[in-house]
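# Commentary on secondary and tertiary structure
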Amino acid sequence: MAQAQQIETRVEPAQLRAGWPRWVARANTALFTFTAVPAALLVLAEIGILFAGIVGRYIFHTPLIWSDELAGILFLWLAMLGSVLAFQRDEHMRMTAIVSKLDPDMRAFLDTVAVAASLAFLVLVVHPAYEFAADEVYVRTPALDIVNTWRAAALPVGMGLMLLVALLRLASVADWRRVLLAVALVAVIITALALLGPVLNPLGNLNLFIFFVLLVGAMVFAAVPIAFAFGLATVGYLTLTTGTPDVVVLGRMDEGMSHLILLAVPLFVFLGLLIEMTGMARAMVGFLASLLGHVHGGLHYVLVGAMYLVSGISGSKAADMAAVAPVLFPEMKKRGAKPGDLVALLSATGAQTETIPPSLVLITIGSVTGVSISALFTGGLLPGIVLAIMLCAVVWWRYRGEDLSQVERATKREIGLTFVIAIPAIALPFVIRAAVVKGIATATEVSTIGIVYSALAGLLIYRQFAWRRLYPMLIDTAALSGAILLIIGAATGMAWALTQSGFSASLAAFMTGLPGGVPVFLAVTIVAFVILGSVLEGIPAIVLFGPLLFPIARQVGVHDVHYAMVVILAMGIGLFAPPFGVGYYAACAISRINPDEGMKPIVGYMLALLIGTIIVAAVPWISIGFL
């Protein structure tokens, strides 16, 4: 119920409860409702369209030739409206590890600077977005035969709404001197770079360091949302050093966000929320607890196993952790487990299960590199087991002396009963995988089968389906998806700029010239993505560097799927490791445990994950043996 309350109270932006001026609060509430209702309806529409496509093709043998096209048109609208919701709810991904340690006044100032920097990006791109949409009037869609402006118009509308949100957020700040100082600081930096344009132009690739290392680094560490930091740096670099029209940036963003495979992102996010709401996750955890609850460290093993199983249904790590932790943690604390160790293991399992299909990271890496999603789904299962074994070894060592005198072993009857109850939930990952393997549905469509299955299981079997939670879940889905997809769009634009500069060729020459061949190349990859996962989070790092590094991996003789597993596992370690990993703080928030308590216990788990990643890198068969 704690999770239910959390979801329900997040229907409106958190800032509305923080003492905003009345007119600002009213305007923001109206804007939120104006955005949230169509966004929620778009999520439902996408589910309906894709599921109708499956039914038409597989059952009635009459493919709906327009379904993918219509889903693609609505998808861009969902991405942009979701981005607006995420901006209102302050849920765009950003690195706050450094800012959070500053004094309150400086933290408040940098928060205002982050909004001002986001506003600057939106001001710079809102007109090019309109131009881009207007140019699409000359393109007609093949199936529906309508002008592509109906789809592309989502970009200027979304950018314009986010611009309004930024203005309202600045208007809500009580200290106007702070607002003026923050806006002035951003304006001075942009003006200085513009005036230095003639000086920057002859510098060549040194500009990459100035814009994409110094400028992006400064913005990321100042807690500017990563998507806006990438976008602002890319617009600045292309405008001031290449003369490329701003509209090109919008074209690259559109390309990055419009891969139909990415439609799986909101659908799997919604599926993750659905299995928690219907009680399916609780049923799986209950069965595992009855099996292992009586052994030393038993519930810790259950946590590892439950995260593996739940990750086979949901693509979102936050949804996975929110489904498992509230069920297990109370009993684990009763048995004497320290809160710090619990949140450390939860965070570690988040990293361990990044390769379990249908992980959003797997979907993203397939969309930006062209690697088969089906192959990634197959290759991701065994690496997750290897890392699970490594974590279980640490659990065994730490809890080998656990006092179980007060713990009763479940009887065979109890185990059998919990198994029967859990069968529909345990079957869901296999249903999802079978639907893809047998060609019933694509990797994009299969999530809708899971959604329909889970809804029916909740209504007819578990008798647990809270209709009042459906609207908040749809909004959560749209907001999280919008945050992810805007980053993918911005990172795609930035990656294109890096490619056009010749950086990718230089990087390829450097990486292929490393002594030691494949082992050294993989070692450098692991170190690089642990760092990138910490600083940029997982998906931005993959979108930015995946298209650059995967061709190099092929060139040195590393299989695409093997390399993908190494990249994802290394990125996961960075993402869920303190002090910078955002995933670690998400685990702490879900567990309601102070982050400081988990700093020491997590070291052993992270070392175990690193050893497991090295094993996966050293033994390609683990990733590609079943392809």
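How each quantity is defined
- Residues numbered from 1 in each chain as written.
- Predicted model: local features only at pLDDT ≥ 70, side-chain atom pairs only at ≥ 80, totals over all residues.
- Heavy atoms only, no water.
- Helix = DSSP H or I, 4+ residues; strand = E, 2+ residues; numbered from the N terminus.
- Buried < 20%, exposed > 50% of the residue type's maximum accessible area, 1.4 Å probe, protein only.
- Phe/Tyr/Trp six-rings, centres within 6.5 Å; stacked < 30°, edge-to-face > 60°.
- Lys NZ or Arg CZ within 6 Å of the ring centre and 35° of its normal.
- Salt bridge = Lys/Arg side-chain N within 4 Å of Asp/Glu carboxyl O.
- Polar contact = N/O pair within 3.5 Å; in protein donor to acceptor, adjacent residues only side chain to side chain.
- Contact = heavy atoms within 4.5 Å.
- Patch = residues over 30% accessible without salt bridge, like charges linked within 9 Å, V, L, I, M, F, W, Y side chains within 5 Å.
- Areas by Shrake-Rupley, 256 points an atom, 1.4 Å probe, with all protein chains shown as cover.
- Axes fitted to C-alpha atoms, helices over the stretch in contact; angles between N-to-C directions.
- Parallel < 35°, antiparallel > 145°, perpendicular 65-115°, else oblique.
- Left-handed = near helix turned anticlockwise from the far one by under 90°.
- Nonpolar A, V, L, I, M, F, W, Y, C, P; charged D, E, K, R; others polar.
- Core = buried A, V, L, I, M, F, W, Y, C linked by side-chain atoms within 4.5 Å.
- Expected span 1.5 Å × (residues − 1).
- pLDDT = per-residue confidence, 0-100.

For the rest of this paragraph, the subject is the environment of Gly439. Its place among the elements puts Gly439 in the loop between helix H20 (412–437) and helix H21 (446–461). Residue Gly439 is classed as partly exposed on the basis of its relative accessible area, which comes to 48%. For Gly439 and Gln500, which are 61 residues apart along the polypeptide, the C-alpha to C-alpha distance reads 38 Å.

Moving on to the packing of aromatic side chains. Evaluation of the coordinates by the stated rule reveals 10 aromatic pairs. Their ring planes at 20 degrees and their centres at 5.3 Å tell us that Phe521 and Tyr563 sit as a pair that is stacked. Of the two residues, Phe521 is situated in helix H24 (residues 517–536) and Tyr563 in helix H26 (residues 560–576); the sequence distance between them amounts to 42 residues. Among the residues examined, Phe521 registers a relative accessible area of 1% and is labelled buried. Taken together, the ring pairs in this structure connect Phe87, Phe121 and Phe228 into an aromatic cluster. Lying across the ring of Trp496, Arg252 places its NZ or CZ 5.5 Å from the centre.

The next subject is the pattern of salt bridges. In total, this model carries 13 salt bridges according to the counting rule given. Between Arg89 and Asp476 there is a salt bridge, with the nearest N and O atoms lying 2.6 Å from each other. Taken together, the residues span a long stretch of sequence, with Arg89 in the loop between helix H3 (67–88) and helix H4 (104–135) and Asp476 in helix H22 (residues 470–500) at a distance of 387 residues. One exposure class covers both Arg89 and Asp476, and it is buried. Among the salt bridges present, the one from Arg398 reaches Asp341, with a minimum N-O distance of 2.8 Å. Of the two residues, Arg398 is situated in helix H19 (residues 381–398) and Asp341 in helix H16 (residues 339–352); the sequence distance between them amounts to 57 residues. Judged by its relative accessible area of 32%, Arg398 is partly exposed. Accessibility expressed as a relative area gives 6% for Asp341, which makes it buried. Here the salt bridges share partners, and the residues they tie into one network are Asp90, Arg94, Asp111 and Arg169.

Moving on, we get to the side chain of Ser83. Relative to the assigned elements, Ser83 resides in helix H3. Among the residues examined, Ser83 registers a relative accessible area of 0% and is labelled buried. Polar contacts involving the side chain of Ser83 include one to the main-chain carbonyl oxygen of Gly482, which spans 3.0 Å. When residues no more than four places from it in sequence are discounted, the contact partners of Ser83 are His92, Met162, Gly482 and Leu486.

Not every positive phi belongs to a glycine, and Asp90 is a case in point at roughly 55 degrees. Taking the relative accessible area as the measure of exposure, Asp90 reaches 33% and is therefore partly exposed.

Residues Leu203, Leu206, Phe209, Val213 and Leu214 make up a contiguous nonpolar surface patch of roughly 430 Å² in combined accessible area. Inspection of the secondary structure puts Val213 in helix H9 (residues 206–221).

Contact pair helix H13 (residues 280–292) / H20: the axes reach a minimum separation of 8 Å and the direction vectors enclose 135 degrees. The angle between H13 and H20 places the two elements in the oblique class. Between H13 and H20 lies a crossing of left-handed hand. Contacts from Met280, Ala283, Met284, Gly286, Phe287, Ser290 and Leu291 in H13 reach Ile415, Thr418, Phe419, Ile421, Ala422, Pro424, Ala425, Ile426 and Leu428 in H20. Partitioned by chemical class, the residues of the contact of H13 with H20 number 13 nonpolar, three polar and no charged.

This brings us to the nonpolar core. Side chains that are nonpolar tend, in soluble globular proteins, to be buried together. Phe212 and Phe529 are the most contacted members of the largest nonpolar core, which totals 231 residues. Take this core: its biggest share by element is 18 residues, from H22. Other than its neighbours up to four places away in sequence, Phe212 contacts Asn207, Ala233, Thr234, Tyr237, Met494, Ala497 and Leu498.

The next thing to look at is the environment of Gly604. With respect to the helices and strands, Gly604 occurs in helix H29 (residues 601–618). For Gly604, a relative accessible area of 21% corresponds to the partly exposed category. On a C-alpha basis, the gap between Gly604 and Ile590 in space is 21 Å, while along the polypeptide they are 14 residues apart. Residues contacting Gly604, with those up to four places away along its chain left out, are Val394 and Arg398.

What follows covers H13. The terminal C-alpha atoms of H13, which comprises 13 residues, lie 19 Å apart, in line with the 18 Å expected from a rise of 1.5 Å per residue. Of the positions making up H13, those classed as buried are Met280, Ala281, Ala283, Met284, Val285, Phe287, Leu288 and Ser290.

The next subject is the confidence of the model for the chain. When pLDDT is averaged across the chain, the result is 86; 95% of the residues are at 70 or more. Across the chain, the element-wise mean pLDDT spans from 35 in helix H1 (residues 2–8) up to 95 in helix H6 (residues 154–171). Low confidence marks residues 1–9, where pLDDT is under 50. Its contacts with residues over four positions away, or in another chain, come to 14 contacts.

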